[in-house]
Structures are given as structure tokens and as C-alpha cells.
Amino acid sequence: MKILSQRRIRTLAASVTASVMMVVASAALAAGDVPHIEKQSWTFGGLFGSFDKDQLRRGYMVYKNVCTSCHGMKRVHFRNLKEPGGPEYSEDEAKAFAKEVEVTDGPNDEGDMFTRKGRLTDTFPSPYKNDKEAASVNNGSVPPDLSLMGKARGATRNIPWFMEPLYWIYDIATVYQEQGPDYIYALLTSYGEPPVLKLSEEKCAHKEGYKFEDGACKFELIEGLNYNTAFPGHQIAMVPPLYDDAVEWPEGAAPKTKEACEKDPDLKWLADENRCSMTASKHARDVAAFLMWTAEPKLEERKSMGLWVMLYVLLMTVVLYLSKRALWRKVKH
Amino acid sequence: MSHQSTYQPAYAFTRWLDSRLPILRFVDDTLKTFPTPRNLNYWWTFGGILAICLVLQILTGIVMAMHYAPHTLVAFDTIEHFVRDGNYGWLMRYMHAVGGTMFFVAVYIHMGRGLYYGSYMAPREILWIIGVLIFLAMMATAFMGYSLVWGNMSLWAVTVITNFFQSLDSIYQGLGTTLVEWIRGDFSVSNVSLNRLYSLHYLLPFIIIGLVILHVWALHVPGNNNPTGVEVQNPETETLPFHPYYTVKDGFAISAFLIAFVFVLFWLPNYFSHPDNYVVADPLSTPAHITPEWYFLAYYAILKAVPSQLGGVIFMFAAIIVMFFAPWLDTSPVKSGKHRSITFKIAFWLLIFSFIALSYLGAKSPEGWYVWLSRVFMIYYFAYFLALLPLMGLFEKTSQQPASIAEANSKAH
């Protein structure tokens, strides 16, 4: 029997290819320790997506009651709350929200600055006068303005390099533009205890970001920061802001029965209190949707206009194609 | 090709106009009766598509310029204000941004057509050179347009690109620094830089219009190339008047292109841009990965592949400059790839693959096997122009070219 028979060559080639692929794949995986942000399902995703008004309102409640203690939103006006394509509050409701804030205005005729109640034309306030005040209160970190957060973050994925083109095609086919909300949801729900690895002292010394302490290989968390698996670098200055029932249901919006409540996996029926409780995950989803609206207030108008424009362009293409064919059929080419 | 003008003004007014400014005659000669080879395929429609892209960019750009202010303190805000509160501001903004991306999709296909069918060969060398100049102007315009947003990626992209000239310090001490500061107008990229980027971004598209006019003029002297690579011999049997045959065919192609444009515009408007550019420029905060827009990635990969700063800049520019010389590097007596050897066809598609691979690698950090692969593809890219084109023409066995377009047509039917 020949040493290098056809069959042996083929088996050899197959195993070499497989091992090369595995080496390449593992090298790629080892090289990039990026957080893998899961895709969530959003009502505003896809070709025909639109915002869920109730979700936007719940999200605004979360933003207003939790986030405004540290974050501003200077590009959103109170009047946006009543405009179509968003939470669509009534004019009176929007005015009421505006009146809750104090705004510095002036100078008046005497030359003094004064404070007044907010109006529809005012923007959402920032809790701090300027970045320096923000940094001094927050250990040197400046909580970013949230107006564009829905578009200012991407969703990293831990995939081998050869899978990337396939993901691009899949993203384009599913018109994936919800990377921002996916990241925000992941961030808000990925707080946890810094990990402890089962490594020997010697191996721990080689592991970046870990220190061997008290007989265990622990993640080196900087004082004042919080461990978060979704955040690049895993150490974020923001304390976990959400917890179950951090914010109340809007008037009359809560599901009243156990069955209605448990339809949503983010809700929990509390039997002893006989009410439907919103989990931190529910708050995270709602506020992420809200932040997508603040970043893209024209999303609904864009997608609905797109349908008509696409229809028109498809029709025009068909008509032009038939014209071209009719014309060219008559000549030799 | 340039033909005898057959325009006959039909009315008293048009006769009067024609004897003073023959503009209608000009339109008739270039867009109506212009004899165009009958056998052009759809790769030839991208010129018309590019013209539409240019018009779209200029119209949306002028509208946006009415709302934009090029000062670092407000630039980002003026765009957001127009997008949120302006009349269809979001539509103008996304049309301009997506239009830029589609412009480059079309131009790369257009250039690929030229490379495959030998459209750069005699007598179309000047046409090709003007084309490369248009490509350079487009790159400058797009780069500056992206910087005007004054997002964090805008600021750092300008910092990286203007830093190129810093490398000249290694040739003559102080030369690089002086040049960089002169270009920026300041010691670092600042408001001064933004103002001049705006001025030039508004200027260059009109330079592009001028170059496009020269480009079409240079085309109309010899006439279009065609898929056989054999020049027109008998206009009667081998060409058709541009209108209605190619106005309608180009119209259809433009409409099909618009389907893709509309799809991206309305459902994927931010897919080709970077989220970091929705954060206001911050000179104290560098983005985790500074990457340019996708259409620059291949050249960015070449820049990062070379281990020296000056070398990287030189090779990056050389990648574009080398294209100028294609008409003289290619020694083949046969124009069209259709009738060239299988070696040429493989070499060409490998070039396309290399460009795509370099674009993929351009987005990665310059480490490990990303850098080594970039070098491999970069070497192939230069080898195609500097070694393969000269050598293939001398040694390849080509298939029998048809004697004429008419012969090719009758054979096909």
C-alpha cells in the first residue's frame, strides 16, 4: 500500500484545514476580549418598526426619576414630548412636566439672572452647572448627556473573523440599527460581582487585569468603580441605577391579573401584595427604548416615508426596464 | 466619438440662440445624437449613476449649508438642530451622508470597469487621468465633509490625517511640523482647522464638476470603449444615438441604483458610520479605535501595514498615484479583459479581492496576523500594476479578438 495514497492525502488535507481553522479561530477569540452584546427585540426595529407609546412613557418615567440625578439631555425639548412619533403626551401633560423644573433665565431689565418654571420651549435640564461640577461630584467622571446615547454606542460581538462578513449580510438583511438600545439594555443589566478565577498564582500573574490575593485570582477593581460585563474594560463609574420597582407604573397602566402580568417575562406577579411588579430588566428595556426615541425622534416618519418612496422607486424601475426592453428589442445589439 | 453636428434648430428663437450661444446644439451633440457603441453592458451605466450622485450631494449639501455653522462650539449642535427641528432636516442629513457612501460604491465599480476592459488604454489615457483626479478630489471632499460633523471621530480623523506630514521631520527637521501647523492653522486641530475644512468642502465639489466636464469631453473625442475592446469602425452598424437608447438604459440603471440608495437611506442610515461620531469632539478623549469611513479602509490598511510613519504615508499615496500610470504600465495590445488570457482574469479578480481584503483589514488594530496579511495584499496590489500589467501584456496568449463590434454582434446572434 502506498504511503501517500489518495485517501490518505485527502484525510491529511482535511485534518490540516480543520486544525488551521481552529487555531485561527481561537487566536481570533483570544485576541479580542470584547463584550458580546446580545440582540434584543424592539418594537421599533425592522422594516415596519414603530415605537410603543406606553413603553416610551414608562421609559421617560425611568429617565426622569432615576437618570436625571446625574445625566442631562440638552437636545430634547419639553415640546418634543407632545409631538407625533414619540410618547405623544397631551399639551397639558407636557406643560406639566416642564413646570416641574426650574430654569435660569435672564438677564431681566435690571440686569439680573432669575429662575422661572420651565416651559415647553425649554430643553431637559442638566443636574450640574457644567462638566467641572459634574466631575467633582462623580469621582472625576462626567456622566454623559443622554440625548444621542441611542446612536452613540455600538454593539460589539465576540465572533471569529470569518463569520464577520456573514453577520454583515445578516445585519443588512434585518436592517439592524438597534445597536445602541441593545448596548444600553446590556449595560444596565450587566452589573455583578467582579469575577474570581480558578488559576494558580503563577498563571494569575500572566492574566491581565487580575491579581492573586487571599489565595484566589481576583479581578483588579479600581476603588470607586463598579464591575460590569458589558462595559468596555469592565469597570464603570456609574453605580447600578436600576432595581425592581424603581419607578411606578403610570396611572392605570399596570396589569391587574396574574395571567396578564406574566405574559411579559420582565414582569413579576407579587401574590402577597397582589400587584404586578416591574423588574430592573423591564426598566432597562423601557429606558433604552426611550433613549432611542430621544436620539432618533423622526424614526417613525423615516420608516413610513421609506415605504412610500421604495414603492415609487420600485415602480419606476419596472417602468424604465420595460421601456428599455421595448426600445432595444427593435435594434440589433 | 466626435461626429459631425446634425442639429437643426426648428424655431426662429432656437436659430437665433444657436447663432449666439450654441448651447442647444451642444446638448444635442453630446446627449442626443452622440454615437455610442451598441454593445455596452450594464457596467457602463455607472458614469450616469455617478453624475446623479454628484448632483444629489450638491443639492443636499447646499440646503444643509444654510443651517450649518463651522465653529467648534456650535457645529455639532447646528446639525442636530437642523435634523431635529428643521423641515425634513433628518432627510437632508441622511441623504447627504448615505449619498456619500453610495457615491463611493459607484466610483469603485466604475473604476473596476475601467481596469477590466482596458478603458485606460490609448486613446483614453487623459480620460483615465482625469478620472483618477476626480477620485482624489472625491476622497478629499468626503474626508472634509465627515470632519464638519465635529463628532469625536471627525476630530481624531483630521488629527491623524494632518499628522501624516509630521513624518517629513525625519527628512528635514522642522519641515513636517511647520507644514502640519500651516495646514491646521493652529498647533493642534481646532476651530481654525474646522473653518478652512468647511471652505474647502464647499469648494471642491465645484472643482469636481469642472473635472467631470473635462472627463466627458475627453470621453467624447474618441467615444466610449466597449466590452470587446475593439474600437468602433462603422458607426452606422455599430453605434446607436445616445438618446433614446442610452438615456433610457441609464435611467433604468439609475433607478435600480436608487433602490439600493433608498433602502440604506430609510432603514440603515447609520450602518456605514461610526457611533463615536455621535459624541461631540473632545480633544482630551481619544476613541478606542480611530477608523475612517469604509471607503478609505483599504488605503488605511496600507498606511498601517508599513512599519515606518513616513513609509506608510508614501505607500498610501502611492497606491493611488500608481493608477495614473496604468495606461503605460499595461503593455497588452488587447484592450478588453474579455479577450485576454485567463492569467489576466485571475490577476484582475485577485486585485479586487485584495482591495476588499485590505478594506476589511483596515478596520482592525495593526497587530498580529492582521498586519502580515495587510502586507501580503498590499504587495499584491502594487505587483498588479508594477509587475503583472507590464509582464502579462508581453507574454500572454490572448483569445482572438473580433475584427469589429459588428462582427461580435452578428456572432452573438
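Residues numbered from 1 in each chain as written. Chains lettered and ligands numbered in written order. Predicted model: local features only at pLDDT ≥ 70, side-chain atom pairs only at ≥ 80, totals over all residues. Heavy atoms only, no water.

**A short note on the environment of Asp92(A)**
Step number 1: With respect to the helices, strands and loops of the structure, Asp92(A) is situated in helix α3 (residues 91–99).
Step number 2: Taking C-alpha positions, Asp92(A) is 34 Å from Val142(A), a pair spaced 50 residues apart along the chain. (Helix = DSSP H or I, 4+ residues; strand = E, 2+ residues; numbered from the N terminus.)

**Notes on the state of the cysteines**
Residues and elements named next belong to chain A.
Step number 1: The tally for this structure, following the rule as stated, stands at two disulfides over all chains.
Step number 2: Each sulfur of the disulfide joining cysteine 261 and cysteine 276 lies 2.1 Å from the other. In this structure the cystine formed by cysteine 261 and cysteine 276 twists about its S-S bond by roughly 75 degrees; its chirality is therefore right-handed. Taken together, the residues cysteine 261 in helix α8 (residues 258–262) and cysteine 276 in strand β11 (residues 275–278) connect sequence positions 15 residues apart.
Step number 3: When its relative accessible area of 2% is taken as the criterion, cysteine 276 is described as buried.
Step number 4: Counting only cysteine sulfurs, cysteine 70 is the nearest neighbor of cysteine 67, a cysteine outside any disulfide, at a range of 9.0 Å.
Step number 5: The class of cysteine 70 is partly exposed, set by a relative accessible area of 27%. (Disulfide = S-S within 2.5 Å. Buried < 20%, exposed > 50% of the residue type's maximum accessible area, 1.4 Å probe, protein only.)

**A word on the pattern of salt bridges**
Step number 1: Applying the stated rule across the entire model yields 31 salt bridges over all chains.
Step number 2: We note a salt bridge from Glu83(A) to Arg79(A), for which the minimum N-O separation is 3.2 Å.
Step number 3: Linking Arg340(B) and Asp330(B) is a salt bridge whose minimum nitrogen-to-oxygen distance equals 3.0 Å. Of the two residues, Arg340(B) is situated in the loop between α14 (326–329) and α15 (342–362) and Asp330(B) in the loop between α14 and α15; the sequence distance between them amounts to ten residues.
Step number 4: Judged by its relative accessible area of 6%, Asp330(B) falls in the buried class.
Step number 5: Here the salt bridges do not stand alone but share partners, grouping Lys39(A), Arg157(A) and Asp171(A) into one network. (Salt bridge = Lys/Arg side-chain N within 4 Å of Asp/Glu carboxyl O.)

**Considerations on helix α4 (residues 75–85) of chain B**
Step number 1: Burial within α4(B) is extensive, with eight of its eleven residues counted as buried.
Step number 2: Looking only at α4(B), the buried set comprises Ala75(B), Phe76(B), Thr78(B), Ile79(B), Glu80(B), Phe82(B), Val83(B) and Arg84(B).
Step number 3: Summarising the contacts, the buried residues of α4(B) are in contact with β1 (73–77) and α9 (280–295) of chain A together with α3 (46–65), α5 (89–117), α6 (125–148) and α9 (191–220) of chain B. (Contact = heavy atoms within 4.5 Å.)

**A look at the confidence of the model for chain A**
Reading predicted coordinates in detail is not appropriate for stretches of low pLDDT.
Step number 1: Across chain A, the average pLDDT comes to 91, with 90% of residues at or above 70.
Step number 2: Across residues 18–31 of chain A, where pLDDT falls below 50, the model places six contacts with residues more than four positions away in sequence or in other chains. (pLDDT = per-residue confidence, 0-100.)

**Comments concerning the environment of Tyr63(A)**
Residue and element names in this part refer to chain A.
Step number 1: Summarising the element assignment, tyrosine 63 is placed in helix α2 (residues 53–65).
Step number 2: For the pair formed by tyrosine 63 and aspartate 264, sequence separation is 201 residues and the distance between their alpha carbons is 21 Å.
Step number 3: Each residue touching tyrosine 63, except ones within four places of it in the same chain, is listed here: Thr68, His71, Gly72, Met73, Phe124, Pro125, Leu146, Val287 and Phe290.

**Brief notes about helix α16 (residues 368–395) of chain B**
Step number 1: Its 28 residues place the ends of α16(B) 38 Å apart at the C-alpha level, agreeing with the 40 Å of an ideal helix rising 1.5 Å per residue.
Step number 2: Its axis deflected by about 50 degrees at Ala383(B), α16(B) carries its strongest bend there. (Expected span 1.5 Å × (residues − 1). Bend = angle between axes of the 7 residues up to and from the residue.)

**With respect to the interface of chain A and chain B**
How big an interface is tends to be expressed through the accessible area that disappears when the partners come together.
Step number 1: Facing 48 residues of chain A, the contacting portion of chain B comprises 43 residues.
Step number 2: Carbon and sulfur atoms supply 67% of the area buried between chain A and chain B, which totals about 4,400 Å² over both sides.
Step number 3: If you sort the residues of chain A by the area they bury against chain B, Arg75(A), Arg302(A) and Trp328(A) come out on top, with a joint share of 15%.
Step number 4: As a salt-bridge pair, Asp85(B) and Arg79(A) come within 3.0 Å of each other at their nearest N and O atoms.
Step number 5: On the surface where chain A and chain B come into contact, there are 17 residue pairs in polar contact (both at pLDDT 80 or more).
Step number 6: Every element with two or more residues in the side of chain A that touches chain B is listed here: β1, α5 (164–173), α9 and α10 (299–329) of chain A.
Step number 7: Ranked by the residues each element gives to the side of chain A that touches chain B, the list is headed by α10(A), at 18 residues. (Buried area = accessible area lost by both parts, 1.4 Å probe. Polar contact = N/O pair within 3.5 Å; in protein donor to acceptor, adjacent residues only side chain to side chain.)

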